[in-house]
Amino acid sequence: MSKYTLKINGSSHEVEAASDTPLLWILRDHLNLVGTKYGCGMGLCGACTVHLNGEAVRSCQLPVSTLGARAITTVEGLDPQGASAVQQAWDEVDVPQCGYCQSGQMMSATSLLAKTPNPSDAEIDSAMAGNLCRCGTYTRIRAAVHLAAEKSAAHA
Amino acid sequence: MLPMKTETAPTLSFSRRGFIKISGLAYSGLSLGLMLPGRAAAEANPAFPAPGAEEFAPNFHLRISRNGAVSIVSQNPECGQGVKTALPMLIAEELEVEWKSVKVVQAGFDQRYNRQVAGGSGATPAVFIPFRTLGATARTMLVTAAAQTWGVPASECFAQANAVYHRSSGRSIGYGKLVSVASTLPVPDESDVTLKDPADFKILGTRISGVDNPDLLSGKPLFGIDQTLPGMAHATYVACPSFGGKVKSANLDSVKSMPGVTDAFVIEGAEALDELVSGVAILGVDTWSVFKAAKALYVDWDIPASVKAQSTDGFYAQAETISAGEPQKNERSDGDVDQAIANAANSLDAYYTYPYASHANLEPQNCTAHVTADRAEIWAPTQLPSSGRDLIADHCGIPKENVFIHMTRIGGGFGRRLINDWMVQAAVISQRAGRPVKMTWSREEDMQHDMYRAAGWHRLRGAVDARGNLVAWQDHFVTLGVQNDTKPGRGAGMSSDEFPCRFIPNFKLDSSIINTDVPLGWWRAPGSCSIAFVTQSFLDELADAAQVDPLEFKLNVLGETAHPGAGKNDPEYHGGRMSAVVARAAKMIGWGQKLPRGEGLGVAFHFSHRGYVAIATHVVVTKSGSLTVKRATSAVDVGSTIMNVSGAENQVQGSIVDALSTAMGLEITIAGGAVQQSNFHDYPLLRMSTTPEIEVEFLTTDFPPTGLGEPAFPPMAPAVANAVFAATGKRMRSMPFNKHDLSWS
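Residues numbered from 1 in each chain as written. Chains lettered and ligands numbered in written order. Predicted model: local features only at pLDDT ≥ 70, side-chain atom pairs only at ≥ 80, totals over all residues.

Section: the overall build of chain A
From N to C terminus, chain A includes five helices and five strands. Since a compact globule built from 156 residues should have a radius of gyration of about 15 Å, the 15 Å found for chain A is in line with a globular shape. In terms of overall dimensions, chain A has a C-alpha envelope of 45 × 30 × 25 Å along the principal axes. The buried share among the 156 residues of chain A stands at 58%. Within chain A, contacts between residues separated by at least 24 positions form 60% of all contacts whose residues are at least 6 apart in sequence. (Helix = DSSP H or I, 4+ residues; strand = E, 2+ residues; numbered from the N terminus. Rg over C-alpha atoms; globule rule 2.2 N^0.38 Å. Buried ≥ 20, exposed ≤ 12 C-beta atoms within 10 Å, placed from the backbone. Contact = placed C-beta atoms within 7 Å.)

Quick word on the domain arrangement of chain A
Residues and elements named next belong to chain A. Assigned domains of chain A: these are domain 1 (2–77) and domain 2 (85–155). Taken over C-alpha atoms, the centre of domain 1 sits 21 Å from the centre of domain 2. In this complex, domain 1 contributes 14 residues to the contact, which on the side of domain 2 involves 12 residues. At the level of elements, strand E3 (49–52) and strand E4 (55–58) are the ones that each hand at least two residues to the side of domain 1 that touches domain 2. (Domains from an automatic or database assignment.)

Overview of the sheet that holds strand E23 (residues 599–608) of chain B
Strands pair in a sheet through their backbones, by hydrogen bonds, and they do so in one of two ways: parallel or antiparallel. Residues and elements named next belong to chain B. Spatial strand order, E23-E24-E25-E28: four strands in an open sheet with mixed pairing. One side of each edge strand has no neighbouring strand; the edge strands of this open sheet are E23 and strand E28 (693–698). Ignoring which end each strand starts from, the neighbouring axes of this sheet average 15° apart. Bridge count for strand E24 (residues 611–621) against strand E25 (residues 627–637) is 10 bridges, and the pairing is antiparallel. In the sheet register, Ala-616 faces E25, and the bridge partner there is Thr-633. Sitting on the sheet, helix H18 (residues 575–589) touches E23, E24, E25 and E28, and the angle it makes with E24 is about 25°. (Pairing = 2+ DSSP bridges. Axes fitted to C-alpha atoms, helices over the stretch in contact; angles between N-to-C directions.)

Some remarks on helix H9 (residues 287–296) of chain B
Burial of H9(B) is extensive: eight of the 10 residues sit out of reach of the surface. Taken together, the buried positions of H9(B) are occupied by B:Thr287, B:Trp288, B:Ser289, B:Val290, B:Phe291, B:Lys292, B:Ala293 and B:Ala294. Elements in contact with the buried residues of H9(B): helix H1 (23–30) of chain A together with strand E7 (233–239), helix H8 (252–256), strand E9 (261–267), strand E10 (279–284) and strand E17 (437–440) of chain B.

Side note on the interface of chain A and chain B
Residue-level contacts link 49 residues of chain A with 49 residues of chain B. Element by element, the count of residues in the side of chain A that touches chain B is highest for helix H5 (residues 138–155) of chain A, at five residues. Taken together, the residues that form the side of chain A that touches chain B break down as 25 nonpolar, 16 polar and eight charged. (Nonpolar A, V, L, I, M, F, W, Y, C, P; charged D, E, K, R; others polar.)

Side note on the pairing of E4(A)
As paired strands, E3(A) and E4(A) are joined by four bridges and run antiparallel to one another. Counted as the bridge partner of A:His51 is A:Ala56 from E4(A).

Examining unusual backbone geometry
Residue and element names in this part refer to chain B. Pro-500 follows Phe-499 through a cis peptide bond whose omega is 10°. Within the secondary structure layout, Pro-500 lies in the loop between strand E19 (470–482) and strand E20 (506–516). A cis amide bond links Met-735 with the next residue in sequence, Pro-736, at an omega value of 0°. Not every positive phi belongs to a glycine, and Arg-610 is a case in point at roughly 65°. As for its position among the elements, Arg-610 is in the loop between E23 and E24. For Arg-610, a count of 22 C-beta atoms within 10 Å corresponds to the buried category.

Things to note about helix H6 (residues 175–184) of chain B
Of the positions making up H6(B), those classed as buried are B:Tyr175, B:Leu178, B:Val179, B:Val181, B:Ala182 and B:Ser183. Where H6(B) is buried, its residues meet strand E1 (62–64), helix H5 (123–150), strand E5 (163–166) and strand E6 (172–174) of chain B.

What to know about the domain arrangement of chain B
Residues and elements named next belong to chain B. Annotation of chain B at the domain level lists domain 1 (9–216), domain 2 (224–305 + 365–440) and domain 3 (312–357 + 452–739). When each unit is reduced to the centre of its C-alpha atoms, the spacing between domain 1 and domain 3 is 40 Å. Between domain 1 and domain 3, the residue contacts involve 21 residues of the former and 22 residues of the latter. Elements with a contribution of two residues or more to the side of domain 1 that touches domain 3: helix H4 (83–95) and H5. Of the residues in the side of domain 1 that touches domain 3, the class split is nine nonpolar, 11 polar and one charged.

As structure tokens, then:
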């Protein structure tokens, strides 16, 4: 067990855990930031997606010892009111069914829109390829990404 | 202080006899007047969402506070089917409140609620009238309260937007200000309550976003796996990979010495494959520690030789032989199939198969439990809390009335969580460890200890006459039993009046069973989810044999007649309702258009859960055999009212994706009595890039509304298979489709 200081959603957090503990379980079990979900533990489903210095990454594949001072953002840190363009679009399109995968979906979408503000369907499919939705809300996710792009453009 | 509810207060304490009597009644009788909710009820059950002391609470489903706040209790498990939004809409509609003023509260398990289950697409038909009656009754009481306050006849008053109005004077009074008076009124009889004319619906029939969306989209702890308790240990469970194997010994000392691990012990378990199975519990400081320890765990398992010998290769070989021989049982026989085939212009034989499938809920099985010697408090993502309660009471030696279950949001149900084997594991671990635990299965444990969708095998014969009419159909269905050679396992049976029974003169259904130790469970649209692939594909084959356009052939078989069910509780199958959705789905896809080679249209339909659904698809198959579904169009008739249009469309869209995902690539195989797949690399769910464009239309008809969680699933796979035949001339008679060579030149 070792101590680590992590920068998560703009605050500093100290945790004590085994060095190979993935960020996913640091977030969920040590810091009670449970919006980030466990689905597969192999980087196959995307439910655990967070941002590391703004890049979408699978937190189940990131040992705590490798994180250093890099900035981590989780779904809880997307927006203080939970009302980022992506979150609003997800609600307006009424994307979720069970909703379990959706924080990971939104983290991937947010990262895509930061780099590609007005993505095509093909760009969306490519950026979202790592995120599974067992309920099959893909058509709505695609629509919500487009809507979030419009919302961001309107506020830009 | 509010006046006592003198009419009803005595019933707050209830005898066991009274309890049984009440729990057998319909919602309206149960909830209105016989026994009103109160704080006493909450003290008896911590999972019961109690009304506030000064709230108007005329039944178990709604509360209005003095500041006008409206709470509606959702009693059913929410697993993505949308009940937590749609069913409260029924109450809100009749209560005459604005939807934005409503807060929906999730109930825990409480026997005073009827039917707390997510299954059988059954909630809508069960509560469509009763829930509206709950809202209308409260509205009637509020109108009476206002009339009394003003000293005018109630007939001169009406309710609208959280207030009661006096027609002639234009006076109004908000619901909150009526709470005191309304709480003193007797609950009226159902016969004195008038439901709204559907033409006046303001909430039902609109698009309402999910009530949990704000919490869901900001990462709040809604799911079972998100629960935490003070002093809680994290735990996981390792059961024998081969079904029914028992722990002989395990390297517990070595596991316990691993960092972060606080305890590990063997749970002996019982014989049943779907209750408490033998295994090893590992407890620790976080989930990672216990998952790591589970990988380092070595168990010497006692596996029966008969289980070790079981494999899907073996089952397929057995089925091929059995299906060609004498059946165990005749399920139904109409007319004379042999004679009809002998006399027919054309006849066909075909053999169809489909594999085991895993539910693969994205939230792995998990449960949080705090269990002592005589009391259990549980937080569970369960579709059927009552059976979890019974299992826990049984295996922990606790009276049923001391088992309390909080129903969390469920990260995917699909039928898996109707079986609560994982719930009892968490309870037993907590009781043994003497502390609260959250038990989480690894993905691998989840995929290898499912209650699987049954594989099945169908040997078919069919015939058409010279005019192209379907005249005969015979199916020898070989299915699976679980430690039983006469009864199909869960979801592995086939209705004796399955289509095209009742629509043709000569029909025969036979069945045989292969006995196995592989546990089975209900899947989304159990039975239908796989059988529709067989019936709708073979129907398409017979259209081809008759040289009739498949759409015309299917409409001809369906006709317009409503055929009664076999038993008095079995639903009728209305040919006209199905014909209408088939014609509509086909029109939406552009049936009849000329397409290049390698592209094709297909259509299929299926009746399940009293819902009529047809799906048409447009597929593209490249010369090298790569299959893409470009578009899927669906027409759906589930009766007179679509409660929440957004939620309903979502169910159909999701069913289409789910069915395509399953048909294209999903297969569970068994070797040595154990499942060979373990995670999403070898159980490849569909991803966004292969999702077709999807269009959904609802055809509203003058029939009672029915559920939509399941009936849109079954027609998708055959709609694709039929389109692939149109595109390539290749007939796929087995799933998954990605194992077929579809190349053409």
